Amino acid sequence: MRVGLLGLGRIGAFHAATLAAHPLVDELIVSDPVRTSPHGRPGDAFEADAVVIATPTSTHAELIMKACRLGVPVFCEKPVAGSVADTVKVLEARAGNRVQIGFQRRFDPGYVAAAHALRAGELGELHRVHLVTADPAPPPAAYIPLSGGLFRDCHIHDFDILRWVTGREVVSVYARGANRGAAFFAEAGDVDNSAALLTLDDGTLATLQGSRYNGGGYDVRMELAGTRRTQAVGLGPRAPLHTTEGPSGLEPPWPDFVARFETAYRAELDAFLRSDRSPCSIEDALEALYVAEAADLSLREGRPVEVTEVRR
């Protein structure tokens, strides 16, 4: 098949190499106003049999809707759009077209194994969940005002994987934040460190921590504590952790999200090319965004927020 790729930034360039090497892809058509790729020819990406969108967030909604109007299956990096209203607009315009959103943790072997173990009853009854997402260094200052804030930009991955692994919905959020680094976060109305308590619809409690300044390296983890055992994701030899009780940090820590989730990024594109269904839909992305919206509102108003308060 012919695949069109829009956007050749960091993740777009990675996707270009993945798609060009895929056995189902006969031709890759790339479109970027500035960059070129050795893995495909420049052209109109919408002339292809399927489209992959890796452009800036502000362009996602318009490009997804264009693909839907043309009846072209589309894979788009998260988020669908920058707001709940625009995400709902895209959902209503989908018109039955296949749309897959890029929440890659659903394809990471560790998260997949944890989900299977929980659903098979190996953990017993789930009582607690803990999530961590911490970047080793912040993104450029110019990006922060456009990011939507730490909960929408970064922790939305945690909210999605929490729903997917547990099979439960978040009903309330109490979020806090702090500014411990560069002034441009506060100037943009954002925070660079975060913590939150989330309550799931069956009463399970989940805690969340995050940072834009994790000096040890890229740190993404999930712990599921059940009545039989606790299952952890992300505690391999490259986890940026050091303990006083024994060996840890046996290998260099993950430097960034691309290195950490390389296998997952390849797997999600493989699923997009081979399947006629969307393992992560616009509806899924909207549910995660609702949680992010509730977290952001909680941060700003200093109170617990019910997710129903932000639903539309």
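Residues numbered from 1 in each chain as written. Predicted model: local features only at pLDDT ≥ 70, side-chain atom pairs only at ≥ 80, totals over all residues. Heavy atoms only, no water.

Undergrad: Lay out unusual backbone geometry in plain terms, naming residues and giving numbers.
TA: A cis geometry characterises the amide bond from Lys78 onward to Pro79, with omega recorded as -5°. Looking at the element boundaries, Pro79 is found in the loop between strand 5 (74-77) and helix 3 (84-93). Positive phi outside glycine occurs at Ala95, with the angle close to 55°. Residue position: Ala95 is located in the loop between helix 3 and strand 6 (99-102). (Helix = DSSP H or I, 4+ residues; strand = E, 2+ residues; numbered from the N terminus.)

Undergrad: An account of the sheet that holds strand 4 (residues 50-53) is needed here, citing residue identities and associated values.
TA: Strand order in the open sheet formed by 6 strands is 3-2-1-4-5-6, and the pairing between neighbours is parallel. Each edge of the sheet is formed by a strand with only one pairing partner; in this case those strands are strand 3 (41-42) and strand 6. Inspection of the sheet shows strand 5 paired to strand 6 by 4 bridges, in the parallel sense. Looking at the pairing, Val74 lines up with Val99 of strand 6. Taken strand by strand, helix 2 (residues 57-70) contacts strand 4, strand 5 and strand 6, and its axis lies near 175° from that of strand 5. (Pairing = 2+ DSSP bridges. Contact = heavy atoms within 4.5 Å. Axes fitted to C-alpha atoms, helices over the stretch in contact; angles between N-to-C directions.)

Undergrad: Which residues make up the packing of helix 1 (residues 10-21) against helix 10 (residues 262-274), and what values do they have?
TA: For the pair helix 1 and helix 10, the least separation of the axes is 10 Å and the interaxial angle reads 60°. As judged from the angle between their axes, helix 1 and helix 10 are oblique. In terms of crossing hand, the pair formed by helix 1 and helix 10 is right-handed. Of the residues in helix 10, those in contact with Ile11, Phe14, His15, Thr18 and Leu19 of helix 1 are Glu262, Tyr265, Arg266, Glu268, Leu269 and Leu273. Along the lines of polarity and charge, the residues of the contact of helix 1 with helix 10 split into 6 nonpolar, 2 polar and 3 charged. (Parallel < 35°, antiparallel > 145°, perpendicular 65-115°, else oblique. Left-handed = near helix turned anticlockwise from the far one by under 90°. Nonpolar A, V, L, I, M, F, W, Y, C, P; charged D, E, K, R; others polar.)

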